[in-house]
Amino acid sequence: MGWFTRDEPEEVVFEEVVDTDGTIWPAFTDDDGVLWIDVEEDVEVTINGAIVGGQIRGAEVDGDGRIWIDYD
C-alpha cells in the first residue's frame, strides 16, 4: 500500500521499490503506512521509485518512513 500524491489520497498496492542505484527491493507498508524493505539483513536504501501494476513510478519516503508515490 502507498499513497498517491493527489488532493485526496487513494490506496495503491505495490510489492517492490526501486533505489537510486536501480536495485529492486521487495517491500511493504505496515498499518501506519511506514515502508519496510522485506529482506533478512539490515539495509539502508534511498528509494526513488515503486513498482505499481508492472510500471515504475516515481516515489520518495518522508521523514516518518511513509512512501509517497507520484502517479502523474
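Up top is the structure.
Below you will find a few notes about this structure.

## Quick look at the environment of Arg66
No. 1: The residue Arg66 is located in the loop between strand 7 (55–61) and strand 8 (67–69) in this model.
No. 2: With relative accessibility at 31%, the residue Arg66 sits in the partly exposed group.
No. 3: Once residues within four sequence positions are removed from consideration, Arg66 is found in contact with Asp32, Gly33, Val34, Glu60 and Val61.
No. 4: In this structure the side chain of Arg66 is engaged in a polar contact, spanning 3.2 Å, whose partner is the side chain of Asp64.

## What to know about the pattern of salt bridges
Opposite charge on two side chains permits pairing when their charged atoms draw close.
No. 1: Scanning all chains against the criterion turns up two salt bridges.
No. 2: Here Arg66 and Asp62 are joined by a salt bridge, their closest N and O atoms 3.1 Å apart.
No. 3: With a relative accessible area of 23%, Asp62 lands in the partly exposed category.
No. 4: When the shortest N-O distance is used, the salt bridge between Asp64 and Arg66 registers 3.2 Å.

What counts and how
- Residues numbered from 1 in each chain as written.
- Predicted model: local features only at pLDDT ≥ 70, side-chain atom pairs only at ≥ 80, totals over all residues.
- Heavy atoms only, no water.
- Helix = DSSP H or I, 4+ residues; strand = E, 2+ residues; numbered from the N terminus.
- Buried < 20%, exposed > 50% of the residue type's maximum accessible area, 1.4 Å probe, protein only.
- Contact = heavy atoms within 4.5 Å.
- Polar contact = N/O pair within 3.5 Å; in protein donor to acceptor, adjacent residues only side chain to side chain.
- Salt bridge = Lys/Arg side-chain N within 4 Å of Asp/Glu carboxyl O.

All we've got here are geometric facts, nothing functional implied.
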